[in-house]
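Given next are the chains, with one letter for each unit.
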Amino acid sequence: MPARRRGSIRLWQTELFIAVIVVAILILSGSLSAGVKATLTQTTETSELRNAYALAERLKPEFPLGVDGTRALRDVVAEYRTIYGGGIWVYDKDGALMQSAHDAAPLDAVLESARLKGLAEDASYVTSDLRRNGWIVAAQPLHGRDGSLQGVVVTASSADPSVTILQSVRDRLWVTFWISLAVAGLLGFGFSELIGRRIQAMSDAAAGIAAGDFEQRLPTNLVPSEIQDLAESYNSMAATLGEAFSAIEESRREIAAVVESMAEGVVAIDSAGLLRVINPEAARLLSVEPAEATGTPAADTIADAGVLEVVREGLGGASATRTVTLDARAVRLHCTPLLDTAGAVDGAVLLLSDVTERQRLEDAQRRFVADASHEMRTPIAALKGMLELLLDGAKDRPEVRDEFLQTMQAEVERLGRLVADLLTLARLEAGSLQLSPAPEYVEDLFADVTGVMRTLAEQAGVSLEMAIPDGELKVMADRDRVVQVLLSFTDNALKHSPEGTRIHLEAHGDGDRVRLSVTDEGPGIELDQIDRVFERFYRADTSRAGGTGTGLGLAIAKEIVEAHGATIDVRSAVGGGTTFSFTLARA
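Residues numbered from 1 in each chain as written. Predicted model: local features only at pLDDT ≥ 70, side-chain atom pairs only at ≥ 80, totals over all residues. Heavy atoms only, no water.

Colleague: Got a sec to walk through the overall build of the protein? Specific residues and values, please.
Modeller: Scanning the protein from terminus to terminus reveals 15 helices and 17 strands. Counting over 587 residues, the protein shows a buried share of 37%. In the protein, the proportion of contacts linking residues at least 24 apart, taken out of those at least 6 apart, comes to 60%. As displayed, the protein has an accessible area near 32900 Å², and 55% of this comes from carbon and sulfur atoms. (Helix = DSSP H or I, 4+ residues; strand = E, 2+ residues; numbered from the N terminus. Buried < 20%, exposed > 50% of the residue type's maximum accessible area, 1.4 Å probe, protein only. Contact = heavy atoms within 4.5 Å. Areas by Shrake-Rupley, 256 points an atom, 1.4 Å probe, with all protein chains shown as cover.)

If you want it as structure tokens, here you go:
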């Protein structure tokens, strides 16, 4: 963990200088403020006591009160109120208010406390509260002409004038404080700048070396001898490090270029399980962003449990290989542990290879061989049997020989069609059959189909009907392949259409798509068989097995339609006919 920065030397010196000035000014200001407050308190309390005493002395001849004593008392209080300006309250010794004159007054509790203190102690009492809206309250016992205690005089003055004086002093002290602080800061900064500028130059050069700029050199002139020795050592070290770093950086760039350009994904994990290197291919396969993933724990970044298991085995010191599925892609994993000089595991390297295409091709090849072998077995067996019969003597009987030869020719043609269809299907599944979409009129596509199928339909007693709402309707399609799909649908419908029925070829727009459909009026397809009609060599019933088809027509049609970015929709009801349809982009 890097050490926390503590500031520059010039900042330290400036702060120290300012701190001394601040402490001194604060002590002085506090002392002055306290002295002023104490002086104001003493002055105001003395003045308030003097006022209370003078009023008590002035009222002394009036007590005990005579017949006109109350009026005389009121006149004296009014006179003193005019001179004094504060509030006046005169109580008898029983606590009853005899006379008062005031504009404002302190709290009743404060007045009551002053009254009681003045009576109880038979001596002067004063209290002050030097705050805004505070009061200075004094109480003086009131004696009569005969010296007996007759009551108490309470006077009260607002503390606001004293508070204003005190606040003015404090404001001046604050102004003095800030001015002194600014002057001290400028003086401290100027003094520290003289010392710190040379050291800062050395610090900048050292920072440049630390950042990899090995051309930086520390200044060695006009510095103390100890710092000069340090600078010379730094300069020598920088030259040596520059040469070593250049060699390492060159090797690193070469390795990084190789890793970045690898067709395989590469992930480097350290012993703590953190991702240290991840190239673009690995990021693509793992669906992560390289910049965000680097430096994060593998367990938090990699979502697939199979990949994490392989990584754990590699970090455990064992090589591991496995094939997993990542986002519908088959990925081959190989994790190798990295060992340090002591033989301990220091990390692991994970290689990821996208084998999806390879597996797809292998699966397609296996299915091709299996299906071809299955379908070729019957005609080959028939040919072999007839050849054996011909060799056994059937060739000497012309009528039998000719029949066998015709049958053998039909089987050979069937084998040829089967091989051609298998090759087409294999190319579609492998993605090697290139389509050439172009704008085509739907009417032309249907015309090609009816031109081929009309004779066969007439022989079967079935009529072909086209329904196109717009003769200018066009689609984006590979003409030959789409016609092949429609021929497959029509041929399939013809095989299941009773004599006297119709086959409908229809098209209608659906937004930016056009739906093409072929509908027959045959017996329909059982619901549980609809999903299987596109399987290779599948025939729903014996009637479907009739004819010269290879059993691959609908499978090939499905691949062609999907290559156009669509799917085939099959709707059928037993006894209600069947409709095969798909959509193409409108041109």
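Once you've had a look at it, read on.
Colleague: Can you lay out the pattern of salt bridges for me, pointing to particular residues and giving the numbers?
Modeller: For the structure on display, the rule yields 18 salt bridges. Two residues, K558 and E562, come together in a salt bridge whose shortest N-O distance is 2.9 Å. On the criterion of helical spacing, the pair formed by K558 and E562 is a turn pair, its members being four residues apart in helix α15 (residues 553-563). Where salt bridges share partners, they join E281, R284 and D354 into one cluster. (Salt bridge = Lys/Arg side-chain N within 4 Å of Asp/Glu carboxyl O.)

Colleague: Summarise the pairing of strand β6 (residues 265-270); cite the residues concerned and give the values.
Modeller: A large share of β6 lies buried, amounting to six of its six residues. Every second residue of β6 is oriented toward a common face, with G265, V267 and I269 on one face and V266, A268 and D270 on the other, all of them buried. Pairing analysis gives six bridges linking β6 to strand β10 (residues 345-354), with the strands arranged antiparallel. Within the sheet, the bridge partner assigned to A268 lies in β10 and is V349. Relative to strand β7 (residues 275-278), β6 is paired through three bridges, and the arrangement is antiparallel. Across the sheet, residue I269 finds its bridge partner in β7, namely L275. Hairpin connection between β6 and β7: a loop of four residues separates the two successive antiparallel strands, and G273 in this loop has a positive phi of roughly 85°. (Pairing = 2+ DSSP bridges.)

Colleague: Explain the packing of helix α13 (residues 479-495) against α15 to me, and be specific about the residues and the numbers.
Modeller: Running from N to C, α13 and α15 point in directions that differ by 145°, and their axes come no closer than 9 Å. Where α13 crosses over α15, the handedness of that crossing is left-handed. Taking contact as the criterion, the partners of R481, Q484, V485, S488, F489 and N492 in α13 are, on α15, G553, L554, I556, A557, I560 and V561. Within the contact of α13 with α15, the residues separate by chemical class into seven nonpolar, four polar and one charged. (Axes fitted to C-alpha atoms, helices over the stretch in contact; angles between N-to-C directions. Left-handed = near helix turned anticlockwise from the far one by under 90°. Nonpolar A, V, L, I, M, F, W, Y, C, P; charged D, E, K, R; others polar.)

Colleague: Can you lay out the packing of aromatic side chains for me, pointing to particular residues and giving the numbers?
Modeller: Scanning the model with the defined rule gives four aromatic pairs in all. Among the aromatic residues, those joined into a ring-pair cluster are F489, F534, F580 and F582. The aromatic ring of Y441 is capped on one face by K474, whose charged end is 4.9 Å from the ring centroid. (Phe/Tyr/Trp six-rings, centres within 6.5 Å; stacked < 30°, edge-to-face > 60°. Lys NZ or Arg CZ within 6 Å of the ring centre and 35° of its normal.)

Colleague: Could you give an account of the side chain of T450, with specific residues and numbers?
Modeller: For T450, the position within the fold is in helix α12 (residues 442-460). The class for T450 is buried, based on a relative accessible area of 6%. Only 3.1 Å separates the side chain of T450 from the backbone oxygen of A447, close enough to count as a polar contact. (Polar contact = N/O pair within 3.5 Å; in protein donor to acceptor, adjacent residues only side chain to side chain.)

Colleague: How would you explain α12 if you had to name every residue and give the values?
Modeller: Taking 1.5 Å per residue as the helical rise, α12 with its 19 residues ought to reach 27 Å, and the 26 Å between its terminal C-alpha atoms agrees with that figure. Residue M453 marks the point of greatest curvature in α12, where the axis turns by about 45°. Within α12, the full set of buried residues consists of V442, L445, F446, V449, T450, M453 and A457. Where α12 terminates, the next one or two residues include G461, which has phi positive at roughly 70°. (Expected span 1.5 Å × (residues − 1). Bend = angle between axes of the 7 residues up to and from the residue.)

Colleague: Help me get a handle on the sheet that holds β7, residues and values and all.
Modeller: In space, the five strands of this open sheet follow the order β7-β6-β10-β9-β8, with antiparallel pairing throughout. Only two strands of the sheet have a single neighbouring strand rather than two, namely β7 and β8 (320-326). Within the sheet, the average angular offset between the axes of one strand and its neighbour, ignoring direction, is 20°. For strand β9 (residues 329-339) and β10, the ladder comprises nine bridges, and the chain directions are antiparallel. Bridging from a neighbouring strand, T336 pairs with V349 of β10. Of the strands in this sheet, β6, β8, β9 and β10 are in contact with helix α9 (residues 305-315), which crosses β8 at around 160°.

Colleague: Now, about the environment of S287: what can you tell me, with residues and values included?
Modeller: Structurally, S287 is set in the loop between α6 (280-286) and α7 (290-293). The exposure class of S287 is partly exposed, given its relative accessible area of 48%. Residues S287 and L326 lie 39 residues apart in sequence; the distance between their C-alpha atoms is 8.8 Å.

Colleague: How would you summarise a negative patch on the surface if you had to cite specific residues and measurements?
Modeller: Where like charges cluster on the molecular surface, the negative patch consists of E443, D444, D470 and E472. In this structure, E472 sits in the loop between β12 (463-467) and β13 (474-477). (Patch = residues over 30% accessible without salt bridge, like charges linked within 9 Å, V, L, I, M, F, W, Y side chains within 5 Å. Lys, Arg positive; Asp, Glu negative; His and termini not counted. Charge placed at Lys NZ, Arg CZ, Asp CG, Glu CD.)

Colleague: How would you explain a nonpolar patch on the surface if you had to name every residue and give the values?
Modeller: Where nonpolar side chains cluster on the molecular surface, the patch consists of F17, V175, I179, V183 and L187 and spans about 460 Å² of accessible area. For the nonpolar patch, the element with the most residues is helix α4 (residues 160-210), which contributes four residues. Structurally, V175 is set in helix α4.

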